[in-house]
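Architecture at a glance
Each chain, written out:
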Amino acid sequence: DPGLSGQYRIALGENPDESTNYAGFVKIERQGDAYLLAWFTPGPNPTAIGVGVRQGDILAVAYGPSLKKVGIIAYAIKGDRLEGLWTSGTKRLGEEILTPAP
């Protein structure tokens, strides 16, 4: 759904140590079957870049300082199978299915 594309204000940005918060915005852009995200916390340049995969109403995102080493896979659990969609920053998604080993 291209409806996810746009700019989003960070309404709550709390670091794991709970003592520091952050603010800014995130830009989301659909690129083919994948999503590209950029965090601006704050400033004119991105502080983090991410790639995302949508599975139904879940958007799973991996992020880092650049896209050079970012990949993501989102698995749907279906009984004893894991059905995954993945990307490493390309416009098309890969597919992976895991089944229990004998």
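Below, the structure is looked at part by part. (Residues numbered from 1 in each chain as written. Predicted model: local features only at pLDDT ≥ 70, side-chain atom pairs only at ≥ 80, totals over all residues. Heavy atoms only, no water.)

Before going further, it helps to examine the overall build of the protein chain. For the protein chain, the count of helices and strands is zero helices and eight strands. In sequence order, the secondary structure elements of the protein chain are arranged as β-β-β-β-β-β-β-β. Going through the 102 residues of the protein chain one by one, you find that 25% of them count as buried. Sequence-distant contacts in the protein chain: of pairs separated by 6 or more residues, those separated by 24 or more amount to 19%. Surface exposure of the protein chain reaches about 7,000 Å², of which carbon and sulfur atoms provide 54%. (Helix = DSSP H or I, 4+ residues; strand = E, 2+ residues; numbered from the N terminus. Buried < 20%, exposed > 50% of the residue type's maximum accessible area, 1.4 Å probe, protein only. Contact = heavy atoms within 4.5 Å. Areas by Shrake-Rupley, 256 points an atom, 1.4 Å probe, with all protein chains shown as cover.)

Strand-to-strand pairing in sheets goes through backbone hydrogen bonds, with the strands running parallel or antiparallel. Here we have three strands laid out as an open sheet, ordered 6-7-8, and antiparallel in their pairing. What marks the edges here is a single partner per strand, and that holds for strand 6 (72-78) and strand 8 (94-98). If you compare each strand with its neighbour and ignore which way they point, the axes differ by 20 degrees on average. With five bridges joining them, strand 7 (residues 81-87) and strand 8 adopt antiparallel strand pairing. Note on strand 8: the bridge partner recorded for Gly84 is Glu96. (Pairing = 2+ DSSP bridges. Axes fitted to C-alpha atoms, helices over the stretch in contact; angles between N-to-C directions.)

A separate point is a nonpolar patch on the surface. On the surface, Ile73, Tyr75, Trp86 and Leu98 cluster together into a nonpolar patch covering about 320 Å² of accessible area. As for its placement among the helices and strands, Ile73 is situated in strand 6. (Patch = residues over 30% accessible without salt bridge, like charges linked within 9 Å, V, L, I, M, F, W, Y side chains within 5 Å. Salt bridge = Lys/Arg side-chain N within 4 Å of Asp/Glu carboxyl O.)

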